[in-house]
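Here is how the chains run, residue by residue.
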Amino acid sequence: MFYNLIYKLFSTDYSILNIFKYVTFRSICAFLASFLITLLIGNKFIHFLKEHQRNGQPIREDGPASHLKTKKGTPTMGGILIISATAFSSLLFADLTNLYVWLCFIVFIGFGLIGAIDDYKKIKKYDYHGITGKKKFLLQSIVSIVCCLIYSKACYFDGITSIFFPIFKNCNIDLGYFFIVWGIFIMVGSSNAVNLTDGLDGLAMGPVIISSICLAIVSYLAGNTIFSDYLHIQYIPGISEICVFLGALIGAGFGFMWFNAPPAKIFMGDTGSVAIGGVLGFISLISKQEFIYALVGGIFVLETLSVIIQVFYFKLTGKRIFLMAPIHHHFEKKGWSESTVVFRFWIISMILGILALSLLKIR
């Protein structure tokens with residue numbers, strides 16, 4: 001909004017407002033605005049949720065015993081705070097003529113609504129089972145299809161329906177109409193992976209912030225002709241504007257962690273995890289860095305694989321490989337404290353982020 005109403009209307013060659021033309025500056029502004037908004041309204045929002053959620057988020061009875069004591073009664077649906085702060089800050093500082101920004105809004109809010117419905121059913125019935133997996137998958141797929149169709153029809157550049165492989169120069173496969181299927185796989189998979197990871201205070205948000213930072217760097221490089229040519233990555237006109245949205249998301253993430261730090265005053269719930277996972281998957285899709293995202297989001301992949309392996313092996317043999325899935329609960333059952341699991345997973349996520357960015361130069 002500032003970019004469209006102030007910079008474009010009132011800037012001159014020598015105006016201080018010219019600073020608004022830089023994506024990096026506006027990304028920093030979006031980060032700070034989102035962080036401050038989350039801090040300023042966080043306590044009031046938590047108080048509001050406590051008044052309307054008598055029992056808070058339902059806790060799994062078969063989970064670690066400490067969770068029933070320390071987490072019972074904690075309000076959920078904190079994702080509303082993250083979505084609101086991110087969307088408002090993005091509207092202030094992003095170029096609102098950029099289609100990529102609006103598509104991110106659609107994915108973010110669309111997946112957020114699905115998560116909110118899931119959270120509402122859990123709270124209403126006080127049962128950690130929300131909407132069925134089939135219904136959730138169907139709703140997520142509908143949002144994914146709509147956004148992928150708009151993206152593939154309204155955006156124009158070479159390789160728009162292709163997937164690109166890291167390390168190899170000019171190695172890509174044009175999926176054609178199967179790009180929609182690929183988009184559903186990436187967005188729905190990412191959404192559910194982040195959702196599975198969100199089981200301990202701060203566990204999901206750490207990798208989310210690291211993944212967002214890496215995707216912001218990648219988007220900025222892909223939107224710059226010089227950098228994209230030097231690194232031999234696909235040049236995508238206008239994609240760098242996504243940095244503003246990601247800056248706002250990172251700021252909201254840090255602000256949320258202020259209240260989600262152990263012992264958590266609030267949980268993001270499916271409202272937040274489903275929305276964040278969906279939009280990160282979508283950004284990796286449109287920036288043509290799905291495999292880079294899979295690496296930097298390795299914690300999300302690990303959590304998902306642990307559930308798949310556990311279910312498959314149990315159905316096959318009647319036994320369990322892990323003491324409990326997702327895998328962060330396995331380590332809790334092994335005697336690791338919650339903070340130990342969270343910090344060690346953050347460390348792994350940081351290392352994966354460094355490795356992922358290093359792949360951009362290897363061609």
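Residues numbered from 1 in each chain as written. Predicted model: local features only at pLDDT ≥ 70, side-chain atom pairs only at ≥ 80, totals over all residues. Heavy atoms only, no water.

Visitor: Hey, could you run me through the overall build of the protein chain in this one?
Guide: When helices and strands are tallied, the protein chain shows 15 helices and two strands. For the protein chain, the residues scored as buried account for 55% of the 363 residues in total. Once local pairs closer than 6 in sequence are excluded, the contacts in the protein chain between residues at least 24 apart make up 75%. When the accessible surface of the protein chain is totalled, it reaches about 17,200 Å², and 69% of it is carbon and sulfur. (Helix = DSSP H or I, 4+ residues; strand = E, 2+ residues; numbered from the N terminus. Buried < 20%, exposed > 50% of the residue type's maximum accessible area, 1.4 Å probe, protein only. Contact = heavy atoms within 4.5 Å. Areas by Shrake-Rupley, 256 points an atom, 1.4 Å probe, with all protein chains shown as cover.)

Visitor: Even after reading the chapter, I still don't get helix H5 (residues 99–125), so can you show me in this structure?
Guide: Note that an α-helix has 3.6 residues per turn; residues three or four places apart therefore point the same way. Between the first and last C-alpha of H5 there are 39 Å, a value that for 27 residues agrees with the 39 Å anticipated at 1.5 Å per step. Two to three positions downstream of the cap, the backbone nitrogen of Tyr-100 sits 2.9 Å from a side-chain oxygen, assigning the N-cap of H5 to Asn-98. (Expected span 1.5 Å × (residues − 1). Polar contact = N/O pair within 3.5 Å; in protein donor to acceptor, adjacent residues only side chain to side chain.)

Visitor: Honestly, the environment of Cys-147 in this entry has me stumped. Any pointers?
Guide: When you line up the elements, Cys-147 lands in helix H6 (residues 133–154). Residues Cys-147 and Ile-180, 33 residues apart in the sequence, show an inter-C-alpha distance of 9.3 Å.

Visitor: How do you make sense of the nonpolar core when you look at a structure like this?
Guide: Soluble, globular proteins show a tendency: their nonpolar side chains are buried together. Counting residues in each nonpolar core, the largest one holds 98 residues, and the members touching the most others are Ile-82, Tyr-100, Phe-108, Tyr-151, Met-205, Ile-276 and Phe-282. A per-element tally of this core places helix H10 (residues 242–260) first, with 12 residues. If sequence neighbours within four positions are ignored, Tyr-151 has contacts with Tyr-100, Leu-103, Phe-157, Ile-160, Phe-179, Leu-285, Ile-286 and Lys-288. (Core = buried A, V, L, I, M, F, W, Y, C linked by side-chain atoms within 4.5 Å.)

Visitor: Help me understand the packing of aromatic side chains, please; the structure alone is not making it clear to me.
Guide: Centre distance and the angle of the planes are the two values used to describe a pair of aromatic rings. All told, the structure shown has 14 aromatic pairs when counted by the stated rule. An aromatic cluster is present here, built from Trp-102, Phe-105, Phe-108 and Phe-245 joined pairwise through their rings. The ring centre of Trp-336 lies 4.6 Å from the NZ or CZ of Arg-344, which sits over that ring. (Phe/Tyr/Trp six-rings, centres within 6.5 Å; stacked < 30°, edge-to-face > 60°. Lys NZ or Arg CZ within 6 Å of the ring centre and 35° of its normal.)

Visitor: I keep staring at the packing of helix H8 (residues 205–222) against helix H11 (residues 269–286) and nothing clicks. Help me out?
Guide: Pairs of packed helices are described in terms of their axes, by the angle between the two and the distance that separates them. Relative to each other, H8 and H11 sit at 25°, their axes nearing to 11 Å. Taken together, the axes of H8 and H11 lie roughly parallel to each other. The way H8 lies across H11 gives a crossing that is left-handed. On H11, the residues touching Met-205, Val-208, Ser-211, Ser-212, Leu-215 and Ser-219 of H8 are Ile-276, Leu-280, Ile-283 and Ser-284. Of the residues in the contact of H8 with H11, the class split is six nonpolar, four polar and no charged. (Axes fitted to C-alpha atoms, helices over the stretch in contact; angles between N-to-C directions. Parallel < 35°, antiparallel > 145°, perpendicular 65-115°, else oblique. Left-handed = near helix turned anticlockwise from the far one by under 90°. Nonpolar A, V, L, I, M, F, W, Y, C, P; charged D, E, K, R; others polar.)

Visitor: Explain the packing of H10 against H11 to me, please; I cannot follow it from the model alone.
Guide: It is the contact of H10 with H11, at a shortest axis distance of 12 Å, that shows an interaxial angle of 155°. Considered as vectors, H10 and H11 are oriented roughly antiparallel to each other. Note that H10 runs across H11; the crossing there is left-handed. Judged by residue contacts, Ile-242, Phe-245, Leu-246 and Leu-249 of H10 engage Ile-276, Val-279, Leu-280, Ile-283 and Ile-286 from H11. Class assignment for the residues of the contact of H10 with H11 results in nine nonpolar, no polar and no charged.

Visitor: What's the story with the pattern of salt bridges in this structure? I'm lost.
Guide: Pairs may arise between side chains of opposite charge once their charged atoms sit close together. For the coordinates displayed, the defined rule picks out five salt bridges. When the shortest N-O distance is used, the salt bridge between Arg-26 and Glu-241 registers 2.4 Å. In this pair, Arg-26 sits in helix H2 (residues 23–52) while Glu-241 sits in the loop between helix H9 (225–231) and H10, placing the two residues 215 residues apart along the sequence. Here the two residues Arg-26 and Glu-241 agree in accessibility, since each one is buried. (Salt bridge = Lys/Arg side-chain N within 4 Å of Asp/Glu carboxyl O.)

Visitor: Mind showing me how you'd approach the environment of Thr-132 here?
Guide: Tracing the chain through its elements places Thr-132 in the loop between H5 and H6. Sequence separation between Thr-132 and Asp-118 is 14 residues; the distance between their C-alpha atoms is 8.7 Å.

Visitor: Could you clarify how one ought to interpret a nonpolar patch on the surface in this entry?
Guide: Among the surface-exposed residues, Leu-99, Trp-102, Ile-106, Leu-138, Leu-139, Ile-142, Val-146 and Ile-150 lie close enough to one another that they form a single nonpolar patch of about 630 Å² accessible area. Among the elements of the structure, H5 and H6 are those that each provide at least two residues to the nonpolar patch. The greatest single-element share of the nonpolar patch, amounting to five residues, is contributed by H6. The topology assignment puts Trp-102 in helix H5. (Patch = residues over 30% accessible without salt bridge, like charges linked within 9 Å, V, L, I, M, F, W, Y side chains within 5 Å.)

Visitor: Would you mind going over unusual backbone geometry with me for this structure?
Guide: Residues apart from glycine generally show negative phi values, whereas peptide bonds are mostly found in trans. Following Ala-325, the chain continues into Pro-326 via a peptide bond in cis, with omega recorded as 0°. In this structure, Pro-326 sits in the loop between helix H13 (298–317) and helix H14 (327–333). In this model, Met-77 sits at a positive phi of 70°, which is unusual for a non-glycine residue. Looking at the secondary structure, you find Met-77 in the loop between helix H3 (65–70) and helix H4 (79–93).

Visitor: Sorry, what's going on with the side chain of Ser-211 here?
Guide: Summarising the element assignment, Ser-211 is placed in helix H8. A distance of 2.8 Å separates the side chain of Ser-211 from the backbone oxygen of Pro-207, its partner in a polar contact.

Visitor: Please clarify how the side chain of Thr-86 should be interpreted in this entry.
Guide: Residue placement: Thr-86 occurs in helix H4. The buried category is assigned to Thr-86, whose relative accessible area is 0%. For Thr-86, the side chain forms a polar contact with the main-chain oxygen of Ile-82, separated by 2.7 Å. Leave out the neighbours within four places in its chain, and Thr-86 touches Ser-34, Phe-108, Phe-245, Ala-248, Leu-249 and Ala-252.

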